[in-house]
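Listed here are the chains, written in short residue letters.
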Amino acid sequence: MAISPVLFIGLICLAGGGSLFPAVEAIWLTVPTSGERCVYEDIQANVVVVLDYICIDEAFTQLGPTLDVRVTSPYGKELYKIANVTHGQAAFTTSESGTFLACLAMHHDQSHHSVNNSVIVSLDWKMGIRAKDWDSVAKKEKIEASPSFPIHIYGVELEIRKSTEYASAIRANILYLRIREAYMREINEKTNQRVAQLALMSFGVAFGVSIIQVWHLKRFFLKKKLL
């Protein structure tokens, strides 16, 4: 079945910084006619995030109904909100680590599409290196082919730059994991210390209560002249 020009234009609009439909990265989900459908992603702090979305009808021939889209941070802060759209892109930089929510719902007042059923939406999270506009980087860094070198040198230099960025991102992620590990280890040590203190305190209280009980029973028996 041929793709209509409307859908093709929609895909082109969302193609910035990479394909909208990579084989592994894109998420396909069904949005019901009523209520929201939310997708979450665990993201670290200080990470550039780009979220592409597009709504398709069930026949995959044209853009589907319009959507209401909102993205919230782990603490409920609204990072992105828009209504009555068929496709778009949300871009932001995370300020805290945690679970970020992207919620989609069918817009109530449809203007170009009749809604009888649930619709299919493609959602693509791009984070860190994937969210970077490498064409802009190439222009800014003046990475371009010169008359002395063949055109494929441009691609090699850009790929080397990408590999360097990936290596830096991996190093930063390892450092982040080491910091988290040290933090969790510190919490475990403090917890173990407090448990040991509580156990010692409980033993002391139980021992003290036992001494008081023995002393009380001894007085009782002496008073009754049983001893």
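Residues numbered from 1 in each chain as written. Predicted model: local features only at pLDDT ≥ 70, side-chain atom pairs only at ≥ 80, totals over all residues. Heavy atoms only, no water.

A. Just the nonpolar core, in detail. If you look at the biggest cluster of nonpolar residues, it comprises 24 residues, and the most contacted ones within it are Val 31, Leu 51, Leu 104, Val 121, Leu 123 and Trp 125. Residue assignment for this core shows that the elements contributing at least two residues are strand 1 (26-31), strand 2 (36-43), strand 3 (48-56), strand 4 (67-72), strand 5 (78-85), strand 6 (87-93), strand 7 (98-106) and strand 8 (119-127). Leaving out residues up to four positions away in the same chain, Val 121 has contacts with Ile 27, Trp 28, Leu 29, Val 31, Ile 54, Cys 55, Leu 67 and Leu 104. (Core = buried A, V, L, I, M, F, W, Y, C linked by side-chain atoms within 4.5 Å. Buried < 20%, exposed > 50% of the residue type's maximum accessible area, 1.4 Å probe, protein only. Helix = DSSP H or I, 4+ residues; strand = E, 2+ residues; numbered from the N terminus. Contact = heavy atoms within 4.5 Å.)

B. Region of interest: the sheet that holds strand 5. Here we have 4 strands laid out as an open sheet, ordered 2-7-4-5, and antiparallel in their pairing. Strands at the two margins of the open sheet, each flanked by one partner only, are strand 2 and strand 5. Going across the sheet, the axis of each strand differs from the next one's by a mean of 10°, ignoring polarity. (Pairing = 2+ DSSP bridges. Axes fitted to C-alpha atoms, helices over the stretch in contact; angles between N-to-C directions.)

C. Seen up close, the UniProt feature "transmembrane region" (unreviewed entry) in the protein. What UniProt calls "transmembrane region" (unreviewed entry) maps, in this numbering, to residues 195-217. Taken end to end, residues 195-217 has its terminal C-alpha atoms 33 Å apart, with 100% of it in helix and 0% in strand. (UniProt positions renumbered as here; feature names shortened; annotations may be inferred.)

D. Just the sheet that holds strand 1, in detail. An order of 1-8-3-6 is seen for the 4 strands of this open sheet, with the pairing classed as antiparallel. Whereas interior strands pair on both sides, the edge strands pair on one side only; in this sheet they are strand 1 and strand 6. Strand-to-strand twist of the sheet, defined as the mean angle between neighbouring strand axes without regard to direction, takes the value 20°. Of the strand pairs in this sheet, strand 3 and strand 6 are connected by 7 bridges, and their pairing is antiparallel. When the sheet's bridge partners are listed, Val 48 is paired in strand 6 with Thr 93.

E. Representation of the pairing of strand 7 in the model. Direction of pairing for strand 2 relative to strand 7: antiparallel, over a ladder of 8 bridges. When the bridges of strand 7 are listed, Val 39 appears paired with Ala 102. In terms of strand pairing, strand 4 meets strand 7 through 6 bridges, oriented antiparallel. Considered in strand 7, the bridge of Arg 70 is made with Cys 103.

F. Layout of the state of the cysteines. Tallying each qualifying case throughout the model produces 1 disulfide. Across a sulfur-sulfur distance of 2.0 Å, Cys 38 and Cys 103 are joined as a disulfide pair. Disulfide Cys 38-Cys 103: the torsion about the S-S bond is 110°, which places it as right-handed. With Cys 38 in strand 2 and Cys 103 in strand 7, this residue pair connects regions lying 65 residues apart in the sequence. The class for Cys 38 is partly exposed, based on a relative accessible area of 35%. Taking the relative accessible area as the measure of exposure, Cys 103 reaches 2% and is therefore buried. (Disulfide = S-S within 2.5 Å.)

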